[in-house]
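Chains, contacts and geometry: an overview
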Amino acid sequence: MKKFFYRKSIILGSGPAGCTSAIYLARANLNPILITGNYKGGQLTSSYSIENWPGESFKISGKELMQKMLKHVKMFLKSENMIDDHINKVDFLNKPFKLFGLNNNYACDSLIISTGSSNRYLEVPNEKKFIGNGISTCATCDGFIYRNKIVAVIGGGNSAIEESLFLSKIAKEVHIIHRRKEFRAEKVLIKRLEREKENKKIFFHKNFIVRSFSGKSVIHSINLISSDGKTEKKISIDGVFIAIGKIPNTKIFSKQISLKHGYIITNKENDLNKTQTSIDGIFAAGDVADSEYRQAITAAGFGCMAAIDLIRYLENTNT
Ligand code: NAP
C-alpha cells in the first residue's frame, strides 16, 4: 500500500546537487524529504577516481565521495526523510505540486529537481541486443569481467579516457574509438593515456565511428567506418564500454516545465533566483539543468544555490 507524504519542500535526486540542497534545507529547519531515485548517490558513484574535489587531495572513488555526502546529509535530515523511491509521474500544474512514485506519492509547496543525467547510447545495429551482454557504460562496475581480455571504449571525453585508463589495468588490450582527430578530455588525462599507450596495451582508432556490433549470444566484434566514410575495419573484442556523454533525466517533466535540448531552463541571466525554473516554486540544480560544466563540484554549488532560492521563495510567499 502506497504511503502519502506532504512537505513544504522536497528534493528529487541524491547526487552532489541533491545532497547539497538537502543539507541546506534541513539546516534551515524545513524538514524536507530527499527522494533518492534508483541509484542512491547518482551517477558519480560509478566514477573510478575523483581528483578534483577540493579538500580530497588523495584519490577518492565516486562511490566513497557520495557515501560521505549521504552520511553528511543524514547528520541533518531525519532518517525517515531520506526515501528510496523512483518518481514516474508529476503534476506541476496545480499547487501543491504532486509526485507519483513507485512506492509512495508526495505533495509539496516547493521542489528542487536534481535528477541528473543518464548514459547516452550510439543507437547502431545490435547495440540494444548486447547491453548487459558485452556492452556496458560503467568500467568500474563491469571492468573486472574482462581480465586479460580485449575491450573497446567509445568516446573522446573525460569519461572515455578515465574508463580506458581503468581498463588498461585489467584487460589485455584496450581499443579507444573516437570519431575525431583529437580527444576532448582534459590534458592531464590525455597525457596519462599517452604514457599508458607506451605499454602497448592501448590502441587508438581516431576518426572512426561505430557502424554496428556483431556476435551471437555475446558480442565478438565491432564494425567501424572512418569518419570520411572511406575505410572500414572490424576489431575482435570481448567487451565494449560506451562513454559518449549523457542525456538529462527530464522525460517525466517535459510537458510541464520549459526545457532546452532536454535540459531544464533556469533563470541564469537574472541577478536573483538563478535556479528558478519556468514554474514558480520549482528549482533545478546539477546536470539536469547544466549542459555546459557538468562537474560534481558545480552540481554541488548549484544545489546550494537552489536551496537558497527555495528558502527565499518560501519566505516571500509565506508558504
Ligand atoms: P562528454 O565530455 O560530452 O564527451 C562525450 C564524448 O563522446 C565526446 O568525445 C563526443 O565526441 C563523443 N560522442 C558523443 N556522441 C557520440 C556518438 N554518437 N558517436 C561517437 N562519439 C560520440 O561526456 P563525458 O566524457 O561523459 O563527460 C561528461 C561531463 O562530465 C564533462 O563535462 C566532463 O568533463 C565531466 N567529467 C568529469 C570527470 C572528472 O572531472 N574527473 C570525469 C568524467 C566526466 P566529440 O568530441 O566529437 O563531441
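It should be noted that the structure appears before, not after, this text.
Residues numbered from 1 in each chain as written. Predicted model: local features only at pLDDT ≥ 70, side-chain atom pairs only at ≥ 80, totals over all residues. Heavy atoms only, no water.

Regarding the packing of aromatic side chains
Under the counting rule described, the total for this entry stands at six aromatic pairs. Between Phe5 and Tyr106, the ring centres sit 5.6 Å apart and the planes meet at 15°, which makes this aromatic pair stacked. Highlighted residues: Phe5 in strand 1 (residues 3-12) and Tyr106 in strand 6 (residues 104-113), separated in sequence by 101 residues. Accessibility expressed as a relative area gives 16% for Phe5, which makes it buried. Classification of Tyr106 by relative accessible area gives buried; the value is 1%. Relative to Phe97, the ring of Phe92 lies with its centre 5.9 Å away and its plane at 80°, an arrangement referred to as edge-to-face. Both residues of the pair, Phe92 and Phe97, count as buried. Grouping aromatic residues by their ring pairs yields a cluster made of Phe92, Phe97 and Phe253. Stacked on the ring of Phe204, the Lys or Arg Lys197 has its end atom at 4.8 Å from the ring centre. A cation over an aromatic ring shows up here: Lys233 above the ring of Phe208, its NZ or CZ 4.3 Å from the ring centre. (Phe/Tyr/Trp six-rings, centres within 6.5 Å; stacked < 30°, edge-to-face > 60°. Helix = DSSP H or I, 4+ residues; strand = E, 2+ residues; numbered from the N terminus. Buried < 20%, exposed > 50% of the residue type's maximum accessible area, 1.4 Å probe, protein only. Lys NZ or Arg CZ within 6 Å of the ring centre and 35° of its normal.)

Describing the site of the ligand
Taken together, 19 residues form the shell around the ligand, and within it Asn52, Ser159, Arg179, Arg180 and Arg184 come nearest. Within the backbone of Gly156, one N or O atom sits 3.0 Å away from an oxygen atom of the ligand. Between the ligand and the protein, one listed contact pairs an oxygen atom with a side-chain N or O atom of Ser159 at 2.7 Å. Against a free-state accessible area of 910 Å², the protein chains account for coverage of 83% of the ligand. Considering every element that reaches the shell around the ligand, the biggest residue donor is helix 5 (residues 158-167), with three residues. (Near = heavy atom within 4 Å. Polar contact = N/O pair within 3.5 Å; in protein donor to acceptor, adjacent residues only side chain to side chain. Areas by Shrake-Rupley, 256 points an atom, 1.4 Å probe, with all protein chains shown as cover.)

As for helix 5
Within helix 5, seven of the 10 residues are buried, which leaves the element mostly enclosed by the surrounding structure. Those residues of helix 5 not exposed but buried are Ala160, Ile161, Glu163, Ser164, Leu165, Phe166 and Leu167. Summarising the contacts, the buried residues of helix 5 are in contact with helix 4 (139-142), strand 9 (150-154), strand 10 (173-178), helix 6 (187-197) and strand 15 (239-242). (Contact = heavy atoms within 4.5 Å.)

Notes on the pattern of salt bridges
One side chain can pair with another of opposite charge once the charged atoms of both are near each other. Inspection of every chain in the model, using the stated rule, returns six salt bridges. Across the pair Asp84 and Lys40 runs a salt bridge, and its minimum N-O distance is 3.5 Å. Here Lys40 lies in the loop between strand 2 (33-35) and helix 2 (62-76) and Asp84 lies in the loop between strand 3 (82-83) and strand 4 (87-91), a separation of 44 residues in the sequence. By relative accessible area, Asp84 is classed as partly exposed at 45%. Looking at Lys40, the relative accessible area reads 36%, which means it is partly exposed. Put simply, Lys68 and Glu56 hold a salt bridge, and the shortest N to O gap is 2.8 Å. Placement of Lys68 in helix 2 and of Glu56 in the loop between strand 2 and helix 2 is noted, with a sequence separation of 12 residues between them. (Salt bridge = Lys/Arg side-chain N within 4 Å of Asp/Glu carboxyl O.)

Structural notes on the sheet that holds strand 12 (residues 208-215)
In space, the three strands of this open sheet follow the order 12-13-14, with antiparallel pairing throughout. Two strands in the sheet have a free side with no partner beyond their single neighbour: strand 12 and strand 14 (232-236). When strand polarity is set aside, the average angle formed by the axes of neighbouring strands in this sheet is 25°. (Pairing = 2+ DSSP bridges. Axes fitted to C-alpha atoms, helices over the stretch in contact; angles between N-to-C directions.)

Quick notes on the packing of helix 5 against helix 6
In contact at an axis separation of 10 Å, helix 5 and helix 6 are set at 35° when each is read in the N-to-C sense. Classified by chirality, the crossing of helix 6 by helix 5 is left-handed. Two secondary-structure elements touch here, helix 5 through Asn158, Ile161, Glu162, Ser164 and Leu165 and helix 6 through Leu189, Ile190, Arg192, Leu193 and Glu196. Of the residues assigned to the contact of helix 5 with helix 6, the class counts are five nonpolar, two polar and three charged. (Left-handed = near helix turned anticlockwise from the far one by under 90°. Nonpolar A, V, L, I, M, F, W, Y, C, P; charged D, E, K, R; others polar.)

Looking at the side chain of Thr266
Secondary-structure assignment places Thr266 in the loop between strand 18 (263-264) and strand 19 (282-284). Excluding residues that lie within four positions of it along the chain, Thr266 makes contacts with Lys274, Thr275, Gln276, Thr277, Ala284, Ala289 and Phe302.

Some details on the pairing of strand 6
With nine of 10 residues buried, strand 6 lies mostly within the body of the structure. Sheet analysis places strand 1 next to strand 6, joined by nine bridges and oriented parallel. For Tyr6, the partnering residue across the bridge sits in strand 6 and is Ala107. Pairing between strand 5 (residues 97-101) and strand 6: four bridges, direction antiparallel. Bridging from a neighbouring strand, Phe97 pairs with Cys108 of strand 6. In this structure, the hairpin formed by strand 5 and strand 6 is closed by a connection of two residues. Direction of pairing for strand 6 relative to strand 19: parallel, over a ladder of three bridges. Paired with Leu111 across the strands is Ile282, a residue of strand 19.

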